Amino acid sequence: RAYRLGDPRDGATSLGPLALPSAPAFLRGQVLDATAKGARLLCGGVETACPATERGRFFAPALLDGCDHSMALMRDESFGPVLGVCKVASDAEAAEAVDDSPFGLTACIFTSDVERAEAFAARVDVGTVFMNRCDYLDPLLPWTGAKASGKGASLSAHGFKAFTRLKGVHFKHDPLA
């Protein structure tokens, strides 16, 4: 599938710009670290600009094979289109790999077995677990993290709690006084 880089307000855009000016260089650093440690870059992995405007902070989606947890992209949050693939022998090993990070925003499992996905979700220490998709926003699903990923929650009824403040009121009333 071809990605169309551009303005995220344009319905034809499938990949918008990165939020931070430092993001493209950060992502490139993750790719370089991984390839220096033995990963194989299958596609992308370079800073680029929107073809229509020749401007913007874009990064060509990168797919890397042969990754392990000595590589920063497997332990740190990228917040960009970089995916490292690490072969595991079991769901338990996959869960250990997911948890081998100080961060815990999301994880995903691709399977046709719902019970397997539920067991994986219960085991990993992350804020959101997806089955057969990733990073899909649903207004009814709280978006939250675990460990060093995010504080609190957004979206859902839980997200509204950040905009409220509890107040306790305790009156002792003696009608004879």
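Attention now moves to the overall build of the protein. Counting its secondary structure elements, the protein contains five helices and eleven strands. Taking 2.2 N^0.38 as the reference for a compact globule, 177 residues should give roughly 16 Å; the C-alpha atoms of the protein span a radius of gyration of 21 Å, well beyond that estimate. Its C-alpha atoms give the protein principal-axis dimensions of roughly 80 × 45 × 30 Å. Sequence-distant contacts in the protein: of pairs separated by 6 or more residues, those separated by 24 or more amount to 40%. With an accessible surface of roughly 11900 Å², the protein has 58% of that area assigned to carbon and sulfur atoms. Measuring between centres, the 19 positive side-chain charges of the protein sit 7 Å from its 21 negative side-chain charges.

On to the side chain of Ser156, then. In this fold, Ser156 is placed in helix H5 (residues 156–160). Assessed through its relative accessible area of 8%, Ser156 is described here as buried. Within the structure, Ser156 has its side chain in polar contact with the backbone nitrogen of His158 (distance 3.1 Å).

To continue, consider the nonpolar core. Phe59, Leu64, Cys67, Leu73 and Val82 are the most contacted members of the largest nonpolar core, which has 14 residues in total. The set of elements that each furnish at least two residues to this core consists of helix H1 (23–36), strand S4 (62–65) and helix H2 (72–75). Considering each element in turn, this core owes the most residues, four residues, to H1. Other than its neighbours up to four places away in sequence, Leu73 contacts Gln30, Ala34, Leu64, Cys67, Val82, Leu83 and Gly84. Ranked by size, the runner-up nonpolar core spans eight residues in total, among them Ala117, Phe120, Val124 and Val126.

In this section: the sheet that holds strand S1 (residues 40–43). Paired through their backbone hydrogen bonds, the strands of a sheet run either parallel or antiparallel. Across the sheet, which stays open at both edges, the three strands sit in the order S1-S4-S5 with mixed pairing between neighbours. The open sheet has two edge strands with one neighbour each: S1 and strand S5 (82–84). Neighbouring strand axes in the sheet, compared pairwise and without regard to direction, differ in orientation by 25 degrees on average. Two strands pair when backbone bridges link them, and S4 and S5 are joined in this way by three bridges, in the parallel orientation. The residue of S5 that forms the bridge with Leu64 is Gly84. Running at roughly 20 degrees to S4, H1 makes contact with S1, S4 and S5 of the sheet.

Parameters and conventions
Residues numbered from 1 in each chain as written. Predicted model: local features only at pLDDT ≥ 70, side-chain atom pairs only at ≥ 80, totals over all residues. Heavy atoms only, no water. Helix = DSSP H or I, 4+ residues; strand = E, 2+ residues; numbered from the N terminus. Rg over C-alpha atoms; globule rule 2.2 N^0.38 Å. Contact = heavy atoms within 4.5 Å. Areas by Shrake-Rupley, 256 points an atom, 1.4 Å probe, with all protein chains shown as cover. Lys, Arg positive; Asp, Glu negative; His and termini not counted. Charge placed at Lys NZ, Arg CZ, Asp CG, Glu CD. Buried < 20%, exposed > 50% of the residue type's maximum accessible area, 1.4 Å probe, protein only. Polar contact = N/O pair within 3.5 Å; in protein donor to acceptor, adjacent residues only side chain to side chain. Core = buried A, V, L, I, M, F, W, Y, C linked by side-chain atoms within 4.5 Å. Pairing = 2+ DSSP bridges. Axes fitted to C-alpha atoms, helices over the stretch in contact; angles between N-to-C directions.

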